[in-house]
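An overview of the molecular structure
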Amino acid sequence: MNVVMLVGYSAAGALIDAVGPRIVLVASLALPLAAAAVVFAMPVCMASLLVVAIVMGLAGAAASTAVETFPRYLTNDESLLARMNSLNSVVTFVAVIAGPLLAGAIAGVTDNRLVFAVLPVTSVLGVLVALCLRERVRPEHPQDSGQTTPSLLARLTEGVRATLASPALIVLFAVCFLGNLGFGAFDSLESLFYRDVLRVGAEWMGWLTAIVGVGATVGSLLAGRIPTRRVTLPALCGLLVVEGLGAVLYTATPFVWCAAAGQLVLGAANGMIMPLRVTLTQRNCELGHLGSVSALMRVGISVSGTLPLLAAPLLADAFGVQAVLVSAAALVALTGAALVAAARRVHAS
């Protein structure tokens, strides 16, 4: 599914630069209808599950990229952009909390497949909302000046070139890639940390994950209240340090209350980082390249979260689960500190 999402981000980014986010958003919100059809038309087996995973991976990646870029197609006002990005992040976190709760409630009382019966409702409602949106700001396309229309691959290449040509975008990509690199170790080792270090039941994974969601929601709301002049690269990298320190607090002790406090801190920092990173990308990128540049940022996040999974189990066998998790969290904080220095130089120039 991660591989499929990488394809989805890249394709959506290029398509957004070609035709705008509205068409991409409508198409991506309609895709889950196909997943629901597969679930109810085919026998439940690995083949049907694989098809559903592919469809949902493409849909989720494309929709998230379109939603991330859409505000810039609605306004040039930076303060309004910051508020829209903040609210987008808030509703995303709320949906991430509410969706699994709804799915769990349905699966708890009836056939698991009926979870997918929700998809037609959410898809249709999403498509209706997307159709009501109108792009008010448009980039200049080559066909407007008589030039040849570039291919999707060429648009992706241009997005990479645009990122490499901008010191600010390079720092933003580093925040996405290096900042998330340390957290990749958490996914495969977290359940062992709860069992062997915190010594609590599996239900605590749900409770502490919910605390992260609450912190992230609050952080996203706060991000929309930051004055535009204070939304800077050094401030963003400073929040990465806070997020890493929160992760250290989460993993460094055998006390569940410390873990809860750490989850709250790292959730709030992450909730602020997400919309501020989007705002800074929109500020430092031409509209004609925004789709492919935003896709590149998302690819960086996805890849950097996956790579540590290859090494985390081996490192845990050698040094212990807690040592790996604390080291990974400290890596995030140290990376943030190094990026603060780099961001200050870029900001000063």
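Up top is the structure these notes are about.
What this report covers is the structure whose coordinates are included nearby.

Some details on the overall build of the protein
Check the secondary structure of the protein and you find 14 helices and zero strands. Relative to a compact globule of 349 residues, whose C-alpha radius of gyration would be 20 Å, the protein shows 21 Å and is just as compact. If one aligns the C-alpha atoms of the protein with their principal axes, the spans along those axes are about 65 × 60 × 35 Å. Residue pairs at least 24 apart in sequence account for 84% of intrachain contacts in the protein once pairs closer than 6 positions are excluded. Of the roughly 16700 Å² of accessible surface on the protein, 71% is carried by carbon and sulfur atoms. Computed over 19 positive and 16 negative side-chain charges, the separation of the two mean positions in the protein equals 7 Å.

Considerations on the packing of aromatic side chains
On inspection of all chains with the given rule, the structure shows six aromatic pairs. Between F193 and Y194 the ring centres are 6.0 Å apart and the planes differ by 85 degrees, which places this aromatic pair in the edge-to-face class. Of the two residues, F193 and Y194, both sit in the buried class. Between F255 and W257, the ring centres sit 6.2 Å apart and the planes meet at 20 degrees, which makes this aromatic pair stacked.

Points about the packing of helix α7 (residues 167–181) against helix α11 (residues 256–284)
Contact geometry of α7 with α11 gives a least axis separation of 10 Å together with a crossing angle of 155 degrees. As summarised for this structure, α7 and α11 are arranged roughly antiparallel, according to the angle between their axes. The interaxial crossing formed by α7 with α11 has left-handed handedness. Of α11, the residues touching α7 (which contributes A168, L169, L172 and C176) are R277, L280, T281 and N284.

Observations concerning the environment of L208
Mapped onto the fold, L208 is located in helix α9 (residues 203–223). The buried category is assigned to L208, whose relative accessible area is 0%. Separated by 143 residues in the primary sequence, L208 and T65 have C-alpha atoms spaced 28 Å apart.

Considerations on unusual backbone geometry
Notably, R199 is not glycine yet its phi reads approximately 55 degrees, a positive angle. Locating R199 in the fold gives a position in the loop between α8 (184–198) and α9.

Parameters at a glance
Residues numbered from 1 in each chain as written. Predicted model: local features only at pLDDT ≥ 70, side-chain atom pairs only at ≥ 80, totals over all residues. Heavy atoms only, no water. Helix = DSSP H or I, 4+ residues; strand = E, 2+ residues; numbered from the N terminus. Rg over C-alpha atoms; globule rule 2.2 N^0.38 Å. Contact = heavy atoms within 4.5 Å. Areas by Shrake-Rupley, 256 points an atom, 1.4 Å probe, with all protein chains shown as cover. Lys, Arg positive; Asp, Glu negative; His and termini not counted. Charge placed at Lys NZ, Arg CZ, Asp CG, Glu CD. Phe/Tyr/Trp six-rings, centres within 6.5 Å; stacked < 30°, edge-to-face > 60°. Buried < 20%, exposed > 50% of the residue type's maximum accessible area, 1.4 Å probe, protein only. Axes fitted to C-alpha atoms, helices over the stretch in contact; angles between N-to-C directions. Parallel < 35°, antiparallel > 145°, perpendicular 65-115°, else oblique. Left-handed = near helix turned anticlockwise from the far one by under 90°.

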